Amino acid sequence: MSNELRIPGGFVQGDHESDGRRLRGVRGLRERLSGSRDLAGLWVRRGLFVIGGIAVGAAAVLMAFLADAAQAGFRAVLGVSPLIALVLTPLGFGVAALLARTVFPNSQGSGIPQVIAARDIEDASLRHPLVSLRTAAGKIVVMTLGLFCGASTGREGPTVQVGAALMAAAGPLAPERQRGLLLAGGAAGVAAAFNTPLAGIVFGIEELSRSYEAKTSSLILGAIIAAGLTSLALVGNYTYFGTTADTLPLQAWAVVPLCGILGGLSGGLFSRIVIAVARGLPGLAGRFVSERPVVFAAFCGLGVALCGLATDGHAYGTGYEQAKALLHGTAETHAWFGPLKFVATTLSSISGIPGGLFAPSLAVGAGLGAEVAGLFAGVPVGAVVLVGMVAYLTGVLQAPITSFVIVAEMTENHALVIPLMVAALIADAASKLVCPDGLYHALAEPIVERLTGRRAHEPEVRGPA
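Everything numeric in this text was worked out from a predicted model, so none of it was measured.

Scoring rules and cut-offs
- Residues numbered from 1 in each chain as written.
- Predicted model: local features only at pLDDT ≥ 70, side-chain atom pairs only at ≥ 80, totals over all residues.
- Heavy atoms only, no water.
- Helix = DSSP H or I, 4+ residues; strand = E, 2+ residues; numbered from the N terminus.
- Buried < 20%, exposed > 50% of the residue type's maximum accessible area, 1.4 Å probe, protein only.
- Areas by Shrake-Rupley, 256 points an atom, 1.4 Å probe, with all protein chains shown as cover.
- Core = buried A, V, L, I, M, F, W, Y, C linked by side-chain atoms within 4.5 Å.
- Contact = heavy atoms within 4.5 Å.
- Axes fitted to C-alpha atoms, helices over the stretch in contact; angles between N-to-C directions.
- Parallel < 35°, antiparallel > 145°, perpendicular 65-115°, else oblique.
- Left-handed = near helix turned anticlockwise from the far one by under 90°.
- Nonpolar A, V, L, I, M, F, W, Y, C, P; charged D, E, K, R; others polar.
- Salt bridge = Lys/Arg side-chain N within 4 Å of Asp/Glu carboxyl O.

(A) Examining the overall build of the chain more closely. For the chain, the helix and strand inventory stands at 19 helices and 0 strands. For the chain, the residues scored as buried account for 54% of the 465 residues in total. Accessible surface, the chain as shown: approximately 20400 Å² in total, 66% of it carbon and sulfur.

(B) Summary view of the nonpolar core. Core analysis: the largest hydrophobic core is formed by 125 residues, its most contacted members being Leu248, Phe358, Met389, Ile406, Leu420 and Leu439. A total of 12 residues in this core trace back to one element, the largest contributor, which is helix α16 (residues 381-397). Residue contacts for phenylalanine 358: discarding those within four places in its chain leaves Ile112, Glu156, Gly157, Phe194, Phe203, Leu393, Leu397, Ile406 and Tyr440.

(C) Quick look at the environment of leucine 439. In this fold, leucine 439 is placed in helix α19 (residues 439-452). When the C-alpha positions of leucine 439 and valine 274 are compared, they lie 8.1 Å apart, and in sequence the two are 165 residues distant. Not counting chain neighbours up to four residues away, the residues in contact with leucine 439 comprise Phe270, Ser271, Val274, Ile275, Leu357 and Val396.

(D) How the structure looks around the packing of helix α7 (residues 178-194) against helix α8 (residues 197-209). Remark: α7 packs on α8, axes separated minimally by 8 Å, with the N-to-C direction vectors making an angle of 135 degrees. When the axis of α7 is compared with that of α8, the two are oblique. Relative to α8, α7 is oriented so that their crossing is right-handed. Here α7 contributes Leu183, Gly186, Ala187, Val190 and Ala191 to the contact with α8, which in turn contributes Pro197, Ala199, Gly200, Phe203, Gly204, Leu208 and Ser209. Along the lines of polarity and charge, the residues of the contact of α7 with α8 split into 8 nonpolar, 4 polar and no charged.

(E) How the structure looks around the pattern of salt bridges. Tallied over the full model, the rule gives 4 salt bridges. As a salt-bridge pair, aspartate 437 and arginine 279 come within 3.5 Å of each other at their nearest N and O atoms. With aspartate 437 in the loop between α18 (417-434) and α19 and arginine 279 in helix α10 (residues 255-279), the pair connects residues that are 158 residues apart, well separated along the chain. Here aspartate 437 falls in the partly exposed class, since its relative accessible area comes to 35%. The residue glutamate 445 makes a salt bridge to arginine 279 at a minimum N-O spacing of 4.0 Å. In this pair, glutamate 445 sits in helix α19 while arginine 279 sits in helix α10, placing the two residues 166 residues apart along the sequence. A residue is classified by how much of its surface remains accessible, and glutamate 445, at 21% relative accessible area, is partly exposed. In the salt-bridge network here, residues are joined through shared partners; they are Arg279, Asp437 and Glu445.

(F) Up close: the environment of glutamate 449. When you line up the elements, glutamate 449 lands in helix α19. Distance in space between the C-alpha atoms of glutamate 449 and alanine 117 is 9.3 Å, their sequence separation being 332 residues.

Rendered as structure tokens:
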């Protein structure tokens, strides 16, 4: 006789209990499968950040090699006659500007404003041209051409755009992580270019995003570690400017506010000029720049060539060797190195050719620090050079934390952290007196407006879902 009990409606109690157990089992299986898929998706996303970081590290090493080779080639050409620069540099600037406008659009300048703009744009189709692999390839090619022609530019800023482009290439596999991928790629680019992982993290927070994103922090850290290890494996461990142990006695701290004020004002002036040209100059000058951009770039190249001739070649290129020589006191630079490097970097930046600002800005700051050190007897020159670097870089970027962290980390000098912090704070305040807007974000605004029809950081108007 059956143990089942029939209930109204024709159901059997035993069958009902069995069905309930089966339903609960199915639900549990679905939950476990869903959890497994979520876990697999998490590891896929983490894998994308790590693989992307490896690619960024390799790209940074490649760009460093090409930049060094291009500058060596330019010096070899000038070895025949320094006057060759009067033809080669304007011609190279014109060709580089033409390529950046026609063949590789969105590759102009340092590339950091493009990354900031891309993070601010929701529409993937509008964002893509700013961080495409084509743009990244063009950035590398035309940046190298500019350095071969004597441009006063760097390769560290372009590494940010290239890094973001490499990470963005994995975007379709993690569409919800687009902003995180761009942020991680840019931060990893800075970390790998300078071999400064802490500076990469700070730069990503302070400049690229201007906020702390807890959801992507570990992924960004993974990308930076992968990029750093790749660079370490390819070129070995190194400090960008070499290790220094210089200290600044308390009685010599008068140089800190002086460097902070001078660096902040001059860095703010540089940014004010670059932003003004990018937004459009008034009158005849503005029409000439907008209607004859290639010719304008050639005139900028001529100005750079004249700066180079006036400084016996010291104003050309990234300025890395001159800054390192001033820091360690291993060689003399030209007496007008600082001011004319400022002019050459300004001309290179407003010309519209691809190239970064970090290394030339550090070189200008080193020249400033050396000049200030000459005003005080018995002050360690190397320490004041570091203070000048931080002050001028802060004046340009208006990113004080990034500036002092990157300089302290690239020289492994922790004894000067407090003076560097003070100089950065003073320089940031002084820079804002001349240029109220941060350079990279001000340059990103017209890019966002051009692509979306709205100002940067304004919410996009979306239709019904």
